[in-house]
Amino acid sequence: MTVTVQAIPMLADNYSWLLRESTSGKVGIVDPAEAAPAIAVLEAAGLGLDVIFLTHHHPDHVGGAEELRARYGARIVGNRADAHRLPRLDVPVHEGALVEFGVANARVIEVPGHTLGHIAYYFADGELLFPGDTMFSMGCGRLFEGTAAQMFSSFAKFAELPDETLLCCGHEYTAANAKFALSIEPDNTALQTRFDEVATLRADGLATLPVSLGTERATNPFIRAATAEEFGERRKAKDTF
Ligand code: ZN
Ligand code: FE
């Protein structure tokens with residue numbers, strides 16, 4: 001395993017993710033909402049920045065990208081279909097594309113729903129998944145542009161990934177999601193355990209992410225929805241929860 005990850009908190013509740021590939025020394029970042037917190041971490045570690053991976057066009061995911069490219073000469077990766085509303089892309093990608101990252105690579109998975117051009121990145125090396133605002137711990141992103149059926153299909157694309165996969169989401173929404181999840185499945189013991197774990201982590205001011213896909217499969221009411229209809233009902237219920 002040569003790719004490792006570190007959360008960088010940004011804005012109110014965003015996470016940007018710093019990636020390091022140890023063989024080549026390559027450094028990447030996923031969804032830099034801001035430049036300053038990333039620069040602080042990079043400078044403290046004496047690192048440059050090679051690649052900026054963008055999941056979708058919202059300002060709280062791309063806000064720091066241009067400044068980081070200008071400062072470090074990093075290359076910006078994003079969905080070519082959304083090029084018109086993303087920072088200028090050095091590496092336009094699409095479903096199934098493999099983005100080189102040192103000796104490792106990231107596979108692009110198109111996951112429409114939160115936005116239509118939303119993509120996720122999967123690093124088989126390190127078993128890391130960056131779903132942006134598609135999947136959160138015990139939750140899913142709001143449907144700003146896509147339909148519940150689209151988001152359900154997008155979730156299904158993660159089904160083949162191993163339980164050990166670490167989910168590196170775009171936001172610290174876990175505590176609120178846990179409350180909603182328990183309202184859906186009050187008798188789910190895995191969920192009760194995770195609820196308590198999350199409460200403890202947050203009380204200590206700690207991140208609840210990354211979380212394994214295996215844990216999510218046992219606790220996330222949106223992964224656990226059997227049909228697109230059920231998924232849609234749950235998403236609607238969460239909107240007003
Ligand atoms: Zn978003
Ligand atoms: Fe966001």
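Residues numbered from 1 in each chain as written. Chains lettered and ligands numbered in written order. Predicted model: local features only at pLDDT ≥ 70, side-chain atom pairs only at ≥ 80, totals over all residues. Heavy atoms only, no water.

This brings us to the overall build of the protein. A tally of regular secondary structure across the protein gives 8 helices and 14 strands. Compactness check: the protein gives a C-alpha radius of gyration of 17 Å against a globular reference of 18 Å for 241 residues, within 12% of the reference. Seen through its C-alpha atoms, the protein measures out along the principal axes to roughly 50 × 40 × 30 Å. Long-range pairs, those at least 24 residues apart, make up 60% of the contacts in the protein between residues at least 6 apart in sequence. For the protein, the exposed area adds up to about 10,100 Å²; of that, 52% sits on carbon and sulfur atoms. For the protein, the distance from the average site of its 20 positive side-chain charges to the average site of its 32 negative ones is 3 Å. (Helix = DSSP H or I, 4+ residues; strand = E, 2+ residues; numbered from the N terminus. Rg over C-alpha atoms; globule rule 2.2 N^0.38 Å. Contact = heavy atoms within 4.5 Å. Areas by Shrake-Rupley, 256 points an atom, 1.4 Å probe, with all protein chains shown as cover. Lys, Arg positive; Asp, Glu negative; His and termini not counted. Charge placed at Lys NZ, Arg CZ, Asp CG, Glu CD.)

In this section: the coordination of the zinc ion (ligand 1). Coordination sphere of the zinc ion (ligand 1), protein contribution only: His56 (NE2), His58 (ND1), His114 (NE2) and Asp133 (OD), at 2.2 to 2.3 Å. In this structure, the zinc ion (ligand 1) is coordinated by 4 donor atoms arranged in irregular fashion, with angles at the metal of 87 to 174°. Donor residues for the zinc ion (ligand 1), ordered by position in the chain, follow H-x1-H-x55-H-x18-D. Between the zinc ion (ligand 1) and the iron ion (ligand 2), a separation of 3.1 Å is found, and both are coordinated by Asp133. Placement of His114 in the loop between β8 (104-110) and β9 (119-123) and of Asp133 in the loop between β10 (128-132) and β11 (135-136) is noted, with a sequence separation of 19 residues between them. Assigned by exposure class, His114 and Asp133 land together as buried. (Donors = N, O, S within 2.8 Å, 3.2 Å for Na, K, Ca; no water. Tetrahedral: all angles 85-135°; square planar, octahedral: opposite > 155°, others 65-115°. Buried < 20%, exposed > 50% of the residue type's maximum accessible area, 1.4 Å probe, protein only.)

Once that is clear, we can look at the coordination of the iron ion (ligand 2). For the iron ion (ligand 2), the protein coordination sphere consists of Asp60 (OD), His61 (NE2), Asp133 (OD) and His171 (NE2), at 2.1 to 2.3 Å. Coordination at the iron ion (ligand 2) is irregular: its 4 donor atoms span angles of 85 to 169° at the metal.

Turning our attention to the packing of helix α5 (residues 174-184) against helix α6 (residues 189-203). The geometry of α5 relative to α6 is characterised by a closest axis approach of 10 Å and an angle of 155° between their N-to-C directions. One way to sum up the angle between α5 and α6 is to call them roughly antiparallel. Of the two possible hands of crossing, α5 and α6 adopt the one that is left-handed. Residue-level inspection shows Thr174, Ala175, Ala178, Lys179, Ala181 and Leu182 of α5 in contact with α6, the latter providing Leu191, Gln192, Arg194, Phe195, Val198 and Arg202. Split into classes, the residues belonging to the contact of α5 with α6 amount to 7 nonpolar, 2 polar and 3 charged. (Axes fitted to C-alpha atoms, helices over the stretch in contact; angles between N-to-C directions. Parallel < 35°, antiparallel > 145°, perpendicular 65-115°, else oblique. Left-handed = near helix turned anticlockwise from the far one by under 90°. Nonpolar A, V, L, I, M, F, W, Y, C, P; charged D, E, K, R; others polar.)

Let us now look at the sheet that holds strand β7 (residues 98-101). Pairing between sheet strands relies on hydrogen bonds along the backbone, with the strands arranged either parallel or antiparallel. Sheet architecture is open: 6 strands sit in the order β7-β8-β9-β10-β13-β14, paired in mixed fashion. Since the sheet does not close on itself, it has two edges, and those belong to β7 and β14 (211-212), each with one partner. Bridging between strand β13 (residues 166-169) and β14 involves 2 bridges; their strand directions are antiparallel. Paired with Leu166 across the two strands is Ser212, which belongs to β14. (Pairing = 2+ DSSP bridges.)

Coordinates in, geometry out; function isn't part of it.
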